[in-house]
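Coordinate inspection notes
Letter by letter, the chains look like this.
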Amino acid sequence: EAGVAQSPRYKIIEKRQSVAFWCNPISGHATLYWYQQILGQGPKLLIQFQNNGVVDDSQLPKDRFSAERLKGVDSTLKIQPAKLEDSAVYLCASSPRGKLAKNIQYFGAGTRLSVL
Amino acid sequence: AQTVTQSQPEMSVQEAETVTLSCTYDTSENNYYLFWYKQPPSRQMILVIRQEAYKQQNATENRFSVNFQKAAKSFSLKISDSQLGDTAMYFCAFFAFGNEKLTFGTGTRLTIIP
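The rules behind these values
Residues numbered from 1 in each chain as written. Chains lettered and ligands numbered in written order. Predicted model: local features only at pLDDT ≥ 70, side-chain atom pairs only at ≥ 80, totals over all residues. Heavy atoms only, no water. Pairing = 2+ DSSP bridges. Helix = DSSP H or I, 4+ residues; strand = E, 2+ residues; numbered from the N terminus. Axes fitted to C-alpha atoms, helices over the stretch in contact; angles between N-to-C directions. Contact = heavy atoms within 4.5 Å. Buried area = accessible area lost by both parts, 1.4 Å probe. Salt bridge = Lys/Arg side-chain N within 4 Å of Asp/Glu carboxyl O. Polar contact = N/O pair within 3.5 Å; in protein donor to acceptor, adjacent residues only side chain to side chain. Nonpolar A, V, L, I, M, F, W, Y, C, P; charged D, E, K, R; others polar. Phe/Tyr/Trp six-rings, centres within 6.5 Å; stacked < 30°, edge-to-face > 60°. Buried < 20%, exposed > 50% of the residue type's maximum accessible area, 1.4 Å probe, protein only. Lys NZ or Arg CZ within 6 Å of the ring centre and 35° of its normal.

**Some details on the sheet that holds strand β8 (residues 75-79) of chain A**
All names here are of chain A.
- Read across the open sheet, the four strands follow the order β1-β3-β8-β7; overall the sheet is antiparallel. Both outer strands of the open sheet, β1 (5-7) and β7 (65-68), are each paired with one neighbouring strand and no more. When strand polarity is set aside, the average angle formed by the axes of neighbouring strands in this sheet is 15°.
- Sheet topology places β7 next to β8; four bridges connect them, and they run antiparallel. Across the sheet, residue Glu68 finds its bridge partner in β8, namely Thr76.

**Examining the interface of chain B and chain A**
- Taken together, the contact between chain B and chain A spans 19 residues of the former and 25 residues of the latter.
- For the pair chain B and chain A, the summed buried surface comes to about 1800 Å²; carbon and sulfur atoms form 48% of the total.
- Inspection of the chain B/chain A interface yields one salt bridge.
- There are eight residue pairs in polar contact (both at pLDDT 80 or more) connecting chain B and chain A.
- Put simply, the parts of the chain that give the side of chain B that touches chain A at least two residues each are β5 (32-39), β6 (46-52), β10 (88-96) and β11 (102-104) of chain B.
- In terms of residue class, the side of chain B that touches chain A is made up of ten nonpolar, five polar and four charged.

**Quick look at the packing of aromatic side chains**
- Going through the model one piece at a time under the given rule, you end up with 17 aromatic pairs over all chains.
- Relative to Phe95 of chain B, the ring of Tyr33 of chain B has its centre 6.4 Å away and its plane inclined at 25°; by these criteria the two rings are stacked. Of this pair, Tyr33 of chain B sits in strand β5 while Phe95 of chain B is found in strand β10, placing the two residues 62 residues apart along the sequence. Each of the two residues, Tyr33 of chain B as well as Phe95 of chain B, counts as buried.
- By way of ring pairs, the aromatic residues Tyr33, Tyr35 and Phe107 of chain A together with Tyr33, Phe35, Tyr37, Phe91, Phe95 and Phe104 of chain B are connected into one cluster.
- Over the ring of Tyr10 of chain A we find Arg43 of chain B, and its NZ or CZ is 5.0 Å from the ring centre.
- Taking NZ or CZ as reference, Arg50 of chain B lies 4.1 Å from the ring centre of Tyr33 of chain B, over its face.

**Considerations on the pairing of strand β4 (residues 31-37) of chain A**
Residue and element names in this part refer to chain A.
- For β4, a buried count of seven out of seven residues is recorded, marking the element as mostly surrounded by other parts of the structure.
- The side-chain alternation of β4 yields two buried faces, one formed by Thr31, Tyr33, Tyr35 and Gln37 and the other by Leu32, Trp34 and Gln36.
- Note: β4 against strand β5 (residues 44-50), six bridges, orientation antiparallel. Paired with Tyr35 across the bridge in β5 is Leu45.
- With antiparallel pairing between neighbouring strands as the criterion, β4 and β5 make up a hairpin whose turn holds six residues, including Gly40 at a positive phi of roughly 85°.

What follows is the structure, encoded as structure tokens:
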């Protein structure tokens, strides 16, 4: 079974530029999550999708961050314009639904963003 | 809101020894799950072990076991016969059924010394 795929692995941009991250969850997983992990901290949830609908985006800085999950599969997270404090690893995770899911989230390898 | 505290920022242990990582949490929920995730330098978070709060029996997965003390809100991870491949960041995480969010601690960097 293929895991959660993310691209790119690394991205370096200057402040005020825009950037986009892509995530392909495990096939059949209905729930998709985007996390921000700042150096030295644990991941913090940015947004959660159930199929192609948003379940929770209360921690997403909506003035600069946006995310979409078209057709309930792939997802894109965008930052526009980027700030220095956005430097972090952006992790995507997915989870199946139902009793067998056991509320386990499966993570991708993340995208490390450096804003200069 | 739930909080997860890992009080050991860094730990190191000799290969083949046993090490215990600490985690405490705060919640008003009665039904929840607890997880330990491992994050090696490759950055991918890997599930190590999972504990359901309603189960009194401590979870075990091969060399990994937990000591779950619900009343004390404590959830420690024991790694037996440690191996070089265990070197990683370890995160304790809490999943509440109320809001279905996974809340992570700040992590413990574990180094296994050859």
